[in-house]
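# Chains, contacts and geometry: an overview
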Amino acid sequence: MYIGNRIRRRRCGFTLIEAIASVAILSIGIVAVMGGIGAMSRAESRIRQIEAMTILAQHKYDELIATTANLTTNQTGDFTDQNNNDYSWSATIDQTGVTNLVAVSVTVNPTVDTSSSAPVAHVSGLIYQAPASTTGATP
Amino acid sequence: MKLSRGFTLLELLISVAILGAVTMGCVEVMSVAIGFNEHLRAGRSKEQSRRTFEDRMTDLLKRVYVDPVNNANPSTFFVGQAGNSAPPGQSVQPGETVSASGVGQAGSGATGQTSAGVPIGANSSGGDADTLMLTVIGRKPAAAALASTDDFETNNQNFGPQGGIAEYQVSTTPVGDSQGKQGLVLRQQVPADQDATQGGTESILEPDITRIRFQFFDGTTWQTSWNTFAQTTRQLPNAVRVSYQIAEEQNERVFIVRLPLSNVTPLSPATQTGGSQ
């Protein structure tokens, strides 16, 4: 009688509870994978954004030292003159203590995303600003 | 008896219906995902080619060199001017190289050294220069030439002269016969001769560019043209602003390159640009 019962139970297949549990586990797995893919593509787009911002910062740095007569004051601006409304820049000019030598740092931020986790790009360097007239040797 | 009866028709129908709905959903999601992936990939490769183009232009402009003393070395020049509008039916296709058929033969009857031979006509660059002719130093030698163990004569024959001053022209209008190809054309001649308008070989730098224009910073303002042939003391602009239009994009892309070999600064502006106004 007991053995017959076991055989009967075995033939039952899965119960509804078991099936639901397995589907739940499976769906958790699928959701995790989907989430992973989403995070990956988000990370990629962020890296691309930072890359674009770094290039913008590099060009802005070049432009600043090429076109500004006296780099003494901090400056800010955007890239609308380059048909780009997504980012804005700010330049910090620090005195180094050495005559005619200033430290220029250009930072590019996204215009819309102002949260602390927003991507940011920096380019900085030391600029020698030759005085208008010199009495000594040219550098 | 009751256990071995199997599924009823109703149960089967329901299960098949559910399965069908789920499969439809999956297929939908998959097709959207594949389309998105394709889109991303295409965008990435486009962006990559733009970046490559900007890098190459930047690299070229960073090496621009002119001899400051006029007549001392007439093979160096920096000319940016408007008016090189494309004659109908003359354009260049992607990925192909056009030979400008050697010195003194290519070109539309341009003679002499100056830009006078290039017609200043209607163009879409809004008065800005759309053609840049320049000489550079410090070009990278070909990797194959560096690795070669052949003697000088053989290398010179295979790779052409290395080092020295090279002449380049950047324009959407090829000098030679383009055989119906379009895009931004780079003309290269090594070593540079005194003729800025022709010679060397042409190739497509970027096939998607339909228009390019240049502006030159003389230390005070942005100039629309620049011509070292017309200067008594040759000077380079302090910076060059490059604006280019991609065929399928609405807005121009812009980037600015500083010329490290220029002696012009905002505190000591260029005395003359020599531009053809």
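In this numbering scheme, every chain counts its residues from 1 along its sequence in written order. To label them, take the chains in the order written and letter them from A, then take the ligands in the order written and number them from 1. Side-chain atom pairs in this predicted model are given and counted only at pLDDT of 80 or more, local residue features only at pLDDT of at least 70, and totals for whole chains, interfaces and linings cover all residues. Water and hydrogen atoms play no part in the side-chain values, which are based on all heavy atoms of the structure.

### Brief notes about the layout of surface pockets
Its boundaries defined by the atoms lining it, the largest pocket holds a volume of some 850 Å³. Buriedness of a pocket was judged along seven lines, with at least five required to meet protein on both sides within 12 Å; pockets are open sets of points on a 1 Å grid over the protein atoms alone, cavities are sets where a 1.4 Å probe fits but cannot get out, and lining residues have an atom within 4 Å of a point. Around the largest pocket, the lining is made up of 27 residues, and of these A52 and N84 of chain A together with E47, R51 and R253 of chain B lie nearest the centre. Here a strand is any run of E in DSSP of at least two residues, a helix any run of H or I of at least four, and the numbering for each starts at the N terminus. Put simply, the parts of the chain that give the lining of the largest pocket at least two residues each are α2 (16-67) and β2 (84-95) of chain A together with α1 (9-62) and β11 (253-258) of chain B. The greatest single-element share of the lining of the largest pocket, amounting to eight residues, is contributed by α2 of chain A. Under this grouping Gly is polar, as are all residues other than the nonpolar Ala, Val, Leu, Ile, Met, Phe, Trp, Tyr, Cys and Pro and the charged Asp, Glu, Lys and Arg. A breakdown of the residues in the lining of the largest pocket according to their chemical character gives six nonpolar, 10 polar and 11 charged. Grid points are joined across faces, edges and corners, and a volume is the space filled by probe spheres set on the points.

### Regarding the confidence of the model for chain B
Per-residue confidence from the predictor is reported as pLDDT, which spans 0 to 100. Chain-level pLDDT for chain B is 78 on average; 80% of the residues reach the 70-or-more range. In the predicted assembly, ipTM is 0.71 and pTM is 0.73.

### Some thoughts on the nonpolar core
In this text, buried Ala, Val, Leu, Ile, Met, Phe, Trp, Tyr and Cys residues form a nonpolar core when linked through side-chain atoms within 4.5 Å. Categorising residues by exposure relies on relative accessible area from a 1.4 Å probe, with only protein chains included: less than 20% of the type maximum marks a residue as buried, more than 50% marks it as exposed, and the intermediate range marks it as partly exposed. Residues F53, L61, F78, L134 and F214 of chain B are the most contacted members of the largest nonpolar core, which totals 32 residues. For this core, the secondary structure elements donating two or more residues are α1, β3 (131-136), β4 (166-171), β5 (184-189), β7 (209-217), β10 (239-246) and β11 of chain B.

### Observations concerning the interface of chain A and chain B
Residues are treated as being in contact if the distance between any of their heavy atoms lies within 4.5 Å. Counting from both sides, the interface comprises 20 residues of chain A and, opposite them, 20 residues of chain B. Defined here as a combined quantity, buried area equals the accessible surface (1.4 Å probe) lost by two parts on assembly, summed across both. Area buried by chain A at its contact with chain B is led by H59, A66 and N83 of chain A, which between them contribute 25% of it. Throughout this description, the term salt bridge denotes a Lys or Arg side-chain nitrogen within 4 Å of a carboxyl oxygen of Asp or Glu. Counting across the chain A and chain B interface gives five salt bridges. In this structure, the salt-bridge partner of R241 of chain B is D81 of chain A, at a minimum N-O distance of 3.8 Å. Polar contacts, as counted here, are pairs of nitrogen or oxygen atoms within 3.5 Å of one another; within protein the pair requires one atom able to donate a hydrogen and one able to accept it, and residues that are adjacent in sequence qualify only if both atoms are side-chain atoms. In this assembly, chain A and chain B are joined by five residue pairs in polar contact (both at pLDDT 80 or more). Ranked by residue count, the leading element in the side of chain A that touches chain B is α2 of chain A, at 11 residues. Taken together, the residues of the side of chain A that touches chain B break down into eight nonpolar, five polar and seven charged.

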